[in-house]
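So you can see what is in the structure, the chains are spelled out below.
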Amino acid sequence: MAIPVLAPVNARSKKIVTGKTSRAALRLVPDLSSRERADRKVFVIFLSVIGGIGLLGLLAINTMLAQDAFELAHLQTQATALSDQREAIMRQIDQASSPEELAIRAIAAGMVPSQSPRFLTLNTPQANSVTLKG
Amino acid sequence: MANFSLSRSRIGVLLFSFLLILGLIAFRLVDIQAVQAHSYAVRAATEMSTISTMPAPRGALTDVNGVEFARSVSAINVVVDQTLIADPIKFAEIAAPILSMSVGDVEKQVTGKRRWNLVERNVTPATWVSLKSAFSAYNQSLGKKDISKRLFGFFPERGYTREYPSGTLIGSLIGFVNQAGVGAAGLESSMNSMLTGVEGKYSYANGYGAEIPGSQQELVQAKTGTTVRLTIDRDVQWIASQAISDAVKASHAISGTVIVMDPKTGQILAHATAPTFDPNNTKKVSLALMRNPSVQDVYEPGSTGKVMTLSAALEEGKITPTTIFTVPDSLKVSNRYFRDHEKHATETLTPTGILAISSNVGAIKVGQKLSNSTLYSYLKKFGVGTNTGSGLPGESQGVLPDVAHWSGTTAPTVAFGQGYSVTAMQATSIFAAIANDGIRVSPTVIAGTSDSDGHFTPSANRDGIRVISSTTAAELRLMLESVVSVNGTAPEAAIPGYRVAGKTGTAQRVDESCHCYRGYTASFIGFAPADKPRYVISVTIQGPQGIHWGGTLGGPVFKKVMSFVLQSRHISPTNTRFTAYPLNGAQVAKMQIVAIKKAIK
């Protein structure tokens with residue numbers, strides 16, 4: 001399928017490309033002496049430190065989360081205890097404010113149960129008097 | 001060429017092997033991720049976490065001011081893992097005094113191989129704290145060499161128990177719950193579905209049988225039951241309870257009840273019974289004591305029933321408060337003699353006088369002016385033989401024989417309040433209708449409800465039924481004032497400074513054991529102020545020994561309770577003058593002469 005007319009052009013082009021490719025392939029790489037190489041030990045230590053910090057960070061976060069969970073449980077226990085105390089105090093208040101308890105205390109204080117209702121009606125201010133009803 | 005063929009065959013085998021292994025892995029992957037995905041997820045979830053229920057407290061029952069009659073409080077069931085208890089005897093010695101149990105009983109509960117065993121139910125949180133502290137102190141007192149003797153293996157199971165702070169005050173109305181926390185009697189039973197809360201759900205990570213702290217997650221919130229606010233006033237209830245309890249004891253009666261009612265609204269302010277029980281301790285309470293006698297026990301009302309006969313006759317225009325009747329002390333009707341309580345000469349009495357001295361013969365004579373069906377229809381209108389609609393559990397509708405089955409002696413018997421039965425609540429409702437200008441409002445003890453968020457919804461107003469006209473009701477109120485006067489049967493019920501109206505009842509009592517009349521029912525039902533009634537109070541005493549008159553036994557109880565109600569509700573006297581209707585023929589004649597003289601002048 002080659003076109004005979006273009007053969008000389010192709011040959012010249014091929015020669016140019018080959019020449020340039022050869023030059024690129026033969027380019028010199030820098031000559032590294034043993035002193036200039038990266039220190040492997042430092043690199044390993046660096047990686048270990050990074051890994052260690054990461055692990056310690058994870059441990060710290062995990063511990064903090066666990067600590068929060070324990071604190072939550074502790075606070076819930078405290079809330080329950082306070083609720084229990086409140087119930088116990090309410091019970092004491094109910095007992096102290098019950099009618100029978102009040103009656104006992106009133107009698108002990110020298111009070112006497114009312115036998116029939118009585119009302120004081122304030123008359124006109126000018127009269128400056130009161131009327132006892134009942 | 002031969003080497004190339006060998007390589008190709010080896011590559012083929014290797015490829016086949018890889019494909020086979022990958023195929024198996026892919027198959028298992030699809031099986032786990034798609035086919036059995038759900039069951040694996042469930043298995044994983046149950047292995048890691050457990051779902052448990054959160055108990056929900058029942059709603060409270062309170063008085064009209066919010067004072068709690070019944071409430072749910074925290075309680076702890078003490079359970080043990082018997083396999084973990086190293087020294088059951090020592091365990092029992094420490095726990096028994098704190099749990100108020102015998103050492104033997106505790107030892108029995110903690111000895112054995114059961115991983116879960118209930119030692120004591122519903123102890124208070126304070127008791128649980130004491131128990132924990134006692135075991136902690138004991139364990140700390142042990143030296144290192146006795147570390148194996150440490151006592152543990154007991155756990156709390158938190159829940160709720162029902163507490164009744166008022167004790168016996170209102171036991172018969174409130175009722176109680178059974179061991180499972182379900183209403184077993186009274187309002188606790190009839191309103192159980194409303195009072196019961198909805199249990200919640202939560203999940204937790206399971207670590208060897210214990211919940212891992214912080215792993216709990218609430219899935220469904222527990223919902224407290226509806227709180228029911230009653231119309232009862234705790235203080236009025238206490239006075240009523242004291243008064244009826246003292247009266248029952250003093251008269252050696254079988255039982256007694258007091259009901260305080262607002263006739264306009266039908267609301268019950270107090271509902272006291274004696275004897276009663278403490279809902280906090282129902283182990284030794286008999287079934288009979290658990291009943292609510294106010295609505296479950298029926299009795300023949302006796303003379304308090306005469307108000308219905310007179311109401312009917314007044315309403316039908318057959319009599320006026322001053323119509324004169326000739327009243328002997330006994331009367332023969334259909335070959336049977338009916339007698340007054342005491343022998344007396346033949347008198348000329350007005351209906352007011354008949355009520356004042358509570359004449360049976362007089363009531364029969366008034367009743368004779370009515371047909372049987374008319375008398376029957378008025379009894380029905382007053383609510384006899386029909387449930388009052390109070391909504392209280394086990395309410396009886398009373399007993400009223402159908403008029404078609406009345407014999408010749410039924411009408412005269414019914415006319416003075418016997419031959420039919422009512423509950424104390426029905427009897428109170430009859431007088432409430434007279435106090436409320438002739439409109440009978442069905443009684444209620446429910447003021448409203450509060451949901452778990454505290455939103456209060458008041459009860460709907462009660463419907464009223466007109467029984468008699470307001471004129472008839474006013475006439476009756478005036479007539480009933482004479483009962484409480486010095487000429488009446490209940491001067492003990494009078495409250496100085498106030499106008500009081502009411503009626504005594506002393507009826508023969510049916511004894512269920514012999515199905516015969518034995519003993520009496522003494523009662524007094526009244527209201528105050530008589531000319532502007534605010535409260536109706538009924539006092540009923542069953543089977544008193546010795547003195548059995550309704551006025552003598554019921555009057556003082558009425559006075560004590562009504563005095564307190566009037567004071568506590570700041571109801572002052574009406575300051576109106578009571579002009580009594582004439583009680584007998586002589587007084588009618590005197591009144592007529594005065595009227596004629598006035599006309600001449």
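Here is what the cut-offs are and how they apply
- Residues numbered from 1 in each chain as written.
- Chains lettered and ligands numbered in written order.
- Predicted model: local features only at pLDDT ≥ 70, side-chain atom pairs only at ≥ 80, totals over all residues.
- Helix = DSSP H or I, 4+ residues; strand = E, 2+ residues; numbered from the N terminus.
- Buried ≥ 20, exposed ≤ 12 C-beta atoms within 10 Å, placed from the backbone.
- Rg over C-alpha atoms; globule rule 2.2 N^0.38 Å.
- Contact = placed C-beta atoms within 7 Å.
- Nonpolar A, V, L, I, M, F, W, Y, C, P; charged D, E, K, R; others polar.
- Arc of directions from axis to C-beta.
- Pairing = 2+ DSSP bridges.
- Core = buried A, V, L, I, M, F, W, Y, C linked by C-beta atoms within 7 Å.
- Axes fitted to C-alpha atoms, helices over the stretch in contact; angles between N-to-C directions.
- Parallel < 35°, antiparallel > 145°, perpendicular 65-115°, else oblique.
- Left-handed = near helix turned anticlockwise from the far one by under 90°.
- pLDDT = per-residue confidence, 0-100.

(A) Up close: the overall build of chain A. From N to C terminus, chain A includes three helices and two strands. Each helix and strand of chain A, ordered N terminal to C terminal, gives the series α-α-α-β-β. By residue count, 1% of the 134 residues in chain A fall in the buried class.

(B) Quick peek at the overall build of chain B. On a plain count of helices and strands, chain B comes out with 20 helices and 26 strands. Compactness check: chain B gives a C-alpha radius of gyration of 37 Å against a globular reference of 25 Å for 601 residues, more than 25% above the reference. Its C-alpha atoms give chain B principal-axis dimensions of about 160 × 70 × 50 Å. Counting over 601 residues, chain B shows a buried share of 45%. In chain B, 72% of the contacts between residues at least 6 apart in sequence involve partners at least 24 apart.

(C) Local environment of the interface of chain B and chain A. Taken together, the contact pairs 18 residues of chain B with 17 residues of chain A. Among the elements of the structure, strand E3 (68-80), helix H5 (125-141), helix H9 (234-250) and helix H19 (550-568) of chain B are those that each provide at least two residues to the side of chain B that touches chain A. Classifying every residue of the side of chain B that touches chain A by side-chain character gives ten nonpolar, six polar and two charged.

(D) A look at helix H4 (residues 103-110) of chain B. All names here are of chain B. Those residues of H4 that sit buried are Val106, Gln109 and Val110. All buried residues of H4 fall inside an arc of 90 degrees around its axis, so they share one side. A positive phi of about 140 degrees marks Gly112, the residue just after H4.

(E) Here's a closer look at the pairing of E3(B). Residue and element names in this part refer to chain B. In this structure, strand E2 (residues 61-62) lies alongside E3, joined through two bridges in antiparallel fashion. Across the sheet, Leu61 pairs through a bridge with Ala70, a residue of E3. Counted between consecutive antiparallel strands, the loop separating E2 from E3 contains five residues, among which Gly66 sits at a positive phi close to 90 degrees.

(F) Looking closely at the nonpolar core. Residues and elements named next belong to chain B. One finds Ala240, Ile244, Val258, Val260 and Val561 to be the most contacted residues of the largest nonpolar core, which totals 119 residues. With nine residues, the top contributor of residues to this core is helix H17 (residues 424-435). If we skip the residues at most four places from it in the chain, Val258 touches Ala240, Ala243, Ile244, Ala270, Ala272, Ile537, Val539, Val557 and Val561. With 19 residues, the next largest nonpolar core counts Ile76, Ala92, Val119 and Phe135 among its residues.

(G) Structural context of the packing of helix H3 (residues 88-99) of chain B against H4(B). Residues and elements named next belong to chain B. One can describe the packing of H3 onto H4 by two numbers: an axis separation of 8 Å at closest approach and a directional angle of 125 degrees. Taken together, H3 and H4 sit at an angle that is classed as oblique. Handedness of the H3/H4 crossing: right-handed. Contacts from Pro88, Ile89, Phe91, Ala92, Glu93, Ala95, Ala96 and Leu99 in H3 reach Val103, Val106, Glu107 and Val110 in H4. In terms of residue class, the contact of H3 with H4 is built from ten nonpolar, no polar and two charged.

(H) Spatial organisation of helix H15 (residues 372-381) of chain B. Residues and elements named next belong to chain B. Residues Leu375, Tyr376, Tyr378, Leu379 and Lys381 constitute the buried set of H15. In this fold, the buried residues of H15 make contact with helix H12 (306-315), helix H14 (360-367) and helix H16 (410-415). Downstream of H15 by one or two residues, Gly383 has phi in the positive range, about 100 degrees.

(I) Molecular detail of the environment of Asp453(B). Residue and element names in this part refer to chain B. With respect to the helices and strands, Asp453 occurs in the loop between strand E21 (446-450) and strand E22 (456-458). For Asp453, a count of 7 C-beta atoms within 10 Å translates into the label exposed. With 227 residues separating them along the chain, Asp453 and Thr226 place their C-alpha atoms 9.2 Å apart.

(J) Fine view of the sheet that holds strand E24 (residues 501-511) of chain B. Residues and elements named next belong to chain B. With antiparallel pairing, five strands are arranged side by side in an open sheet as E13-E12-E26-E25-E24. The sheet is open, and its two edges are formed by strand E13 (268-274) and E24, each paired on a single side. Neighbouring strand axes in the sheet, compared pairwise and without regard to direction, differ in orientation by 10 degrees on average. Alignment of strand E12 (residues 255-261) against strand E26 (residues 535-542), held across seven bridges, turns out to be antiparallel. Residue Thr257 lies in a different strand from E26, and its bridge partner there is Thr540. Sheet strands in contact with H9 are E12, E13 and E26, and its direction is about 30 degrees off that of E13.

(K) Examining the confidence of the model for chain B more closely. Per-residue confidence for chain B gives a mean pLDDT of 91, with 98% of residues at or over 70. Of all helices and strands in chain B, the one with the weakest mean pLDDT is strand E9 (residues 210-211) of chain B (68), whereas H17(B) scores best (97).

(L) Expanded view of the packing of H12(B) against H15(B). Residues and elements named next belong to chain B. Running from N to C, H12 and H15 point in directions that differ by 115 degrees, and their axes come no closer than 9 Å. With respect to the hand of their crossing, H12 and H15 are arranged in right-handed fashion. Residue-level inspection shows Met308, Thr309, Ser311 and Ala312 of H12 in contact with H15, the latter providing Thr374, Leu375, Tyr378 and Leu379. Per-class residue counts for the contact of H12 with H15 are five nonpolar, three polar and no charged.

(M) Molecular detail of the confidence of the model for chain A. With 72% of its residues at a pLDDT of 70 or more, chain A shows a mean pLDDT of 79. For chain A, per-element mean pLDDT is lowest for strand E2 (residues 130-133) of chain A, which scores 59, and highest for helix H3 (residues 99-108) of chain A, which scores 92.

(N) Expanded view of unusual backbone geometry. Residues and elements named next belong to chain B. That bond from Ala274 to Pro275 is cis: its omega, -5 degrees, falls within 30 degrees of zero. Mapping Pro275 onto the fold places it in the loop between E13 and helix H10 (287-290). At Asn122, a position not held by glycine, the phi torsion is positive, near 50 degrees. Structurally, Asn122 can be placed in strand E4 (residues 117-123). Residue classification places Asn122 among the partly exposed positions, given that 18 C-beta atoms sit within 10 Å. Even without being a glycine, His570 presents a positive backbone phi close to 55 degrees.

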